[in-house]
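# Structural description and commentary
Chain by chain, the residues:
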Amino acid sequence: MLAKLQRWARTNPLMALALLAVSGILASEWGWLDAHGTGFLVVTTALLAAALITRRAWLALPGCLMVFAFIHSTRTDETFLHPLRLALQQHEGPVQAVLRGSLLPEFDSTADERVHALCTTQQIQLTATGATFSQPASLLVRLPRHTSFPGPGVFELHGTLYQPRSASNPGTFDAQGYALRMGRVASFDVEKLQRMDGGGAVLSCFFLEQAERCRQWISTQLAQDLEDDPQTVAVLRAMALGVSSEADDEVEDAFRDSGTLHVFAVSGLHVGLLGFIVLTVLGMAGMRRDHSLWLVIFVVFAYAFVTGWRPSAARAAFMVAIYLSAALLDRESSLQNSLGAAALLLLATDSHQLFMPGFQLSFGVLWLSTIGAAPLLEFFTPYARLDPFLPPQLASWRQRASSQCRMWFVRTVSVSVAAWLGSLPFILGHFQSVTPVAVIANLVLVPLSSFCLGVTCLSLCAAALHLTGAQVLFNNANWLLARAMIVSSAWFASLPGANFHFHPGLSLARSPAVWRSLEVPHGGAANHLRIGTAHWLFDTGDEAGFRRVLRPYLYSSGVDQVTGVFLSHNDADHIGALTSVLTTFHAPRLYASAQEPGSRDSSRSPLRLLLDQPHPPLLHALQTGESITLSDTAAFKVEAQMLLPTAHLPGESGDDRAMVLLLHLGPWRVLWMSDAGWRAEKALCASAADLQCDVLIRSQHEEDLSPSAEFLLRVRPQLILCGSDARDVQTAQPPDLLHHTTKHHIPLLDTWTAGSVEMQFEADAIRISTTRSGQHLVLKPR
């Protein structure tokens, strides 16, 4: 085994160095290797010098590891440990600041329609404290509304400085971590800007603006004569330019669920296909091979630049360039060495790319495919060849054609299976997703995307030559290919067992029941209760939050099917995602109060829209005092009893009809109040019900200042869990609640500051942990 490893390292030295570089970066990231000391630099220099002087290559191996550990340590200090970031961590919210620096345009489309730019600062001053930071920093700035990019120069900017929010819920996007990995220390909302001088990155601005003009031209030409079908045009733009924000969410979901999302956006596949197309055309035109290779390298880099120098396109451009450069130097091309050289080059310029899923998938999948495809092809080849006892000269044309078709199929399947197996650990680790259908879906979608990219090139060439008729013909052919891709991806995604989600650590959780309260913006709510293999939702949040919060969380938790959903009241912030939940999670059972929907509720409210459908789902109307058994396991029985609302509860607001549930989870009692306010509290206090609970879960009534002292003394919780949003005054926690929890030493967890809260219910304890604040609490029986 050791001898094989040594032979492999001698054959693929650049890939071996790349693996050591990855090891050095991980050692620095995880704190196993301190690369800050002088001694570290001395040892690293000594190893590299010894390798050069003695010509012993093995000495370069630990030297490479230590060099990349040092690079990553320095890169991390520039962002994660930047003095500005450390200062912002001392503030709870945004701070006013004045900064001076140069701007570069950032042309990625944004939902708020404000122009974005990247600012390299020369000086930053915090207005409140007067603290000044002269260490350069890269900031993502948002210009004032209706303000276009002012061009190159050095500017003085006045506005608000803040850090993007870190992930509050498992499985959701970590905006702060992503920004830091991209080298952006903080974000800045500009209120006023003033040009100080005409310097700045003039050349960079020129090239970026020209690339944006080229993108706009390509986008316009691809839509010629296809204006009646904007969704298909959006798919064409996504494949050609990586502009996926225009595409319908359902279309993107179909590509994702069929394991073919890499053909939906600009990726290494597109860059490699473009290089192959250009090389083939130049070869047919009779151009010398060395000239053709130089032109291909230029084209792939130009394409990557025009698409916005997206990491996936940039990585592929470097891979193609390094692979083709071997032929220019009269060397035999080695895919593994080319991958290793590209990885070394990219990690040396930005070691944080290693932690991006795209980087891991691009290099990991291609490398593992290279290793795994050959054994598969060797195994399947005998089934595709001609009969070994039949001389090839005697084979009929049908036999030869059949053999060639079988060989093409075997090669394609071998590569597809190897690529799927190579991607499996990365997809499972990042997205907890498994898509077995991808093995066959890629056999259809990859050839279709290849034809689509080729026709796109023909369409753009016709547009450049002002051949409008030919351009329209090619665009319509492209439309047909794109429609075929959309239909195919949807069909593959709909097959039984096409995709499922799996959380490796879920089976290790031994708690009979686990409750998770998610952090949902703008006063919404979404809660998940796992009881064994059954999954229950208590409110769903709004429709926008479903894609950003609830669905990513459930998928990351390995949830593919929901047993039932309790709907607190007919409020879009609480149950606006109901339709999406029904569609995505196989029509779970629905439970709502018999008072819902209210007689004055809008026809556009979630429950009205649901019940007005031609074939509405069954909605179980709960009466006051009714109980629902969620688990009848003798060791840990779980049931939910509805305490409110009643038909006679006063109040005209939808929040006054909010469902109040008392959940019995084994020996524990949880009171779920949702948005119920002062009137509901008075009704509960006037009743004979036993309200004492271990955990009180509540949201804020839109008008009432609740909860009352009388109610809190009656409930006597050991823990209060609530949700708020610092951007919305109506959701702020009442001062009386803060005073009561402080006076009676009751832990108060707010999902806005603590992040999502997980409670593991066991027979003798409730173990509580928070996502953002990292708190850990244990509740014992009274």
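This text follows the structure it describes.
In what follows, the accompanying structure is described. (Residues numbered from 1 in each chain as written. Predicted model: local features only at pLDDT ≥ 70, side-chain atom pairs only at ≥ 80, totals over all residues. Heavy atoms only, no water.)

### Brief notes about the overall build of the protein
If you tally the helices and strands in the protein, you get 25 helices and 24 strands. Radius of gyration (C-alpha) of the protein: 30 Å, near the 28 Å computed for a compact globule of 782 residues. In terms of overall dimensions, the protein has C-alpha extents of about 95 × 70 × 60 Å along its principal axes. Here the protein holds 782 residues, and the buried ones make up 48% of them. In the protein, of all internal contacts separated by at least 6 residues, the share reaching a separation of at least 24 is 69%. Looking at the protein as shown, the accessible area adds up to about 37600 Å², and 61% of this sits on carbon and sulfur atoms. Computed over 55 positive and 64 negative side-chain charges, the separation of the two mean positions in the protein equals 9 Å. (Helix = DSSP H or I, 4+ residues; strand = E, 2+ residues; numbered from the N terminus. Rg over C-alpha atoms; globule rule 2.2 N^0.38 Å. Buried < 20%, exposed > 50% of the residue type's maximum accessible area, 1.4 Å probe, protein only. Contact = heavy atoms within 4.5 Å. Areas by Shrake-Rupley, 256 points an atom, 1.4 Å probe, with all protein chains shown as cover. Lys, Arg positive; Asp, Glu negative; His and termini not counted. Charge placed at Lys NZ, Arg CZ, Asp CG, Glu CD.)

### Things to note about a nonpolar patch on the surface
A surface patch of nonpolar side chains, amounting to about 300 Å² of accessible area, comprises Phe173, Tyr178 and Met182. Structurally, the position occupied by phenylalanine 173 is in the loop between β5 (154-162) and α6 (175-181). Since its relative accessible area comes to 58%, phenylalanine 173 is described here as exposed. (Patch = residues over 30% accessible without salt bridge, like charges linked within 9 Å, V, L, I, M, F, W, Y side chains within 5 Å. Salt bridge = Lys/Arg side-chain N within 4 Å of Asp/Glu carboxyl O.)

### Comments concerning the state of the cysteines
By definition, a disulfide is the covalent link that joins the sulfur atoms of two cysteine residues. Evaluated as defined, the whole model comprises 0 disulfides. Cysteine 205 supplies the cysteine sulfur nearest to cysteine 119, a cysteine that is in no disulfide, at a spacing of 11 Å. With no disulfide of its own, cysteine 685 lies closest to cysteine 693 among cysteine sulfurs, the gap being 12 Å. Overall, cysteine 685 belongs to the buried group, its relative accessible area being 14%. (Disulfide = S-S within 2.5 Å.)

### Topic: the sheet that holds strand β14 (residues 619-622)
In spatial order, the strands read β14-β13-β12-β11-β10-β9-β22-β23-β24; together these 9 strands make up an open sheet with mixed pairing. The open sheet is flanked by β14 and β24 (776-779), the only strands paired with a single partner. Pairs of neighbouring strands in the sheet enclose a mean axial angle of 20°, with direction left out of account. Across 3 bridges, the pairing between strand β11 (residues 534-540) and strand β12 (residues 564-567) is parallel. Bridge pairing in β12 places leucine 537 opposite valine 565. (Pairing = 2+ DSSP bridges. Axes fitted to C-alpha atoms, helices over the stretch in contact; angles between N-to-C directions.)

### A closer look at the sheet that holds strand β16 (residues 638-644)
Spatial ordering of the open sheet is given by β15-β16-β17-β18-β19-β20-β21, a layout of 7 strands whose pairing is mixed. Each of the sheet's edge strands pairs with one partner strand only, and the pair in question is β15 (627-631) and β21 (748-750). Between one strand axis and the next, the sheet turns by 20° as a mean value, whatever way the strands run. Bridge count between strand β18 (residues 668-674) and strand β19 (residues 695-698): 4 bridges; the pairing is parallel. Considered in β19, the bridge of valine 670 is made with valine 695. Across the sheet, helix α24 (residues 735-743) is in contact with β19, β20 (719-722) and β21; its angle to β21 comes to roughly 140°.

### Notes on the side chain of aspartate 189
Residue position: aspartate 189 is located in strand β6 (residues 186-197). In this structure aspartate 189 comes out as buried when scored by relative accessible area, which is 16%. Within polar-contact distance, the side chain of aspartate 189 engages the side chain of arginine 142 at 2.8 Å. Engagement of the side chain of aspartate 189 in a polar contact is seen with the side chain of tyrosine 162, the distance being 3.5 Å. Not counting residues within four places of it along the chain, the set of residues in contact with aspartate 189 comprises Arg114, Arg142, His158, Gly159, Thr160 and Tyr162. (Polar contact = N/O pair within 3.5 Å; in protein donor to acceptor, adjacent residues only side chain to side chain.)

### Some details on the packing of aromatic side chains
What the rule picks out here adds up to 17 aromatic pairs. The interplanar angle of 45° and the centroid separation of 6.4 Å between the aromatic rings of tryptophan 8 and tryptophan 367 together place this pair among those described as tilted. Here tryptophan 8, found in helix α1 (residues 2-11), pairs with tryptophan 367, found in helix α14 (residues 357-380); they are 359 residues apart in sequence, far enough to count as distant. You can call tryptophan 8 partly exposed: its relative accessible area is 22%. (Phe/Tyr/Trp six-rings, centres within 6.5 Å; stacked < 30°, edge-to-face > 60°.)

### Quick look at helix α4 (residues 60-79)
For α4, built from 20 residues, the straight-helix expectation of 28 Å at 1.5 Å per residue is met to within 8% by its first-to-last C-alpha distance of 29 Å. Those residues of α4 that fall on the buried side of the exposure criterion are Gly63, Cys64, Met66, Phe68, Ala69, His72, Ser73, Thr76 and Thr79. Where the residues of α4 are buried, they touch α2 (13-29), α3 (38-54), α5 (83-88), α6 and α13 (335-349). (Expected span 1.5 Å × (residues − 1).)

### Quick word on the pattern of salt bridges
Under the criterion given, the structure shown has 21 salt bridges. A salt bridge links arginine 75 to aspartate 350; its shortest N-O distance comes to 3.2 Å. Here arginine 75 is found in helix α4, whereas its partner aspartate 350 is found in the loop between α13 and α14, with 275 residues between them in sequence. For aspartate 350, a relative accessible area of 14% puts it in the buried group. Between arginine 669 and aspartate 690 there is a salt bridge whose closest N-O contact spans 3.7 Å. Taken together, the residues arginine 669 in strand β18 and aspartate 690 in the loop between α22 (678-686) and β19 connect sequence positions 21 residues apart. Judged by its relative accessible area of 19%, arginine 669 falls in the buried class. Connected via shared salt-bridge partners are Asp249, Glu252, Asp253, Arg256, Arg547 and Arg551.

### Focus on the environment of arginine 398
By secondary structure assignment, the location of arginine 398 is in helix α15 (residues 397-431). Between the C-alpha atom of arginine 398 and that of lysine 743, which follows or precedes it by 345 residues, the distance is 89 Å.

### Side note on the pairing of β20
Residue alternation in β20 divides its side chains into two sets, Leu719 and Leu721 and Ile720 and Cys722, and both sets are buried. Across 4 bridges, β19 lies against β20 in parallel orientation. In the sheet register, valine 695 faces β20, and the bridge partner there is leucine 719. Two strands pair when backbone bridges link them, and β20 and β21 are joined in this way by 3 bridges, in the parallel orientation. Of the residues in β21, the one forming a bridge with leucine 721 is leucine 749.

### Comments concerning the packing of helix α10 (residues 268-284) against helix α12 (residues 311-328)
Axis separation between α10 and α12 bottoms out at 8 Å; the angle between their running directions is 40°. Between α10 and α12, the interaxial angle falls into the category oblique. With respect to the hand of their crossing, α10 and α12 are arranged in right-handed fashion. Contacts from Gly268, Val271 and Gly272 of α10 reach α12 at Ser312, Ala313, Ala316, Ala317 and Val320. Along the lines of polarity and charge, the residues of the contact of α10 with α12 split into 5 nonpolar, 3 polar and no charged. (Parallel < 35°, antiparallel > 145°, perpendicular 65-115°, else oblique. Left-handed = near helix turned anticlockwise from the far one by under 90°. Nonpolar A, V, L, I, M, F, W, Y, C, P; charged D, E, K, R; others polar.)

### Observations concerning the pairing of strand β10 (residues 526-531)
Most of β10 is tucked away, with 6 of its 6 residues classed as buried. With 5 bridges joining them, strand β9 (residues 513-517) and β10 adopt antiparallel strand pairing. Opposite arginine 516, over in β10, you have histidine 528 as the bridge partner. Pairing analysis gives 6 bridges linking β10 to β11, with the strands arranged antiparallel. Counterpart to arginine 530 in the pairing with β11 is histidine 535. The loop that links β10 with its antiparallel partner β11 comprises 2 residues; one of these, glycine 532, has a positive phi angle of about 65°.

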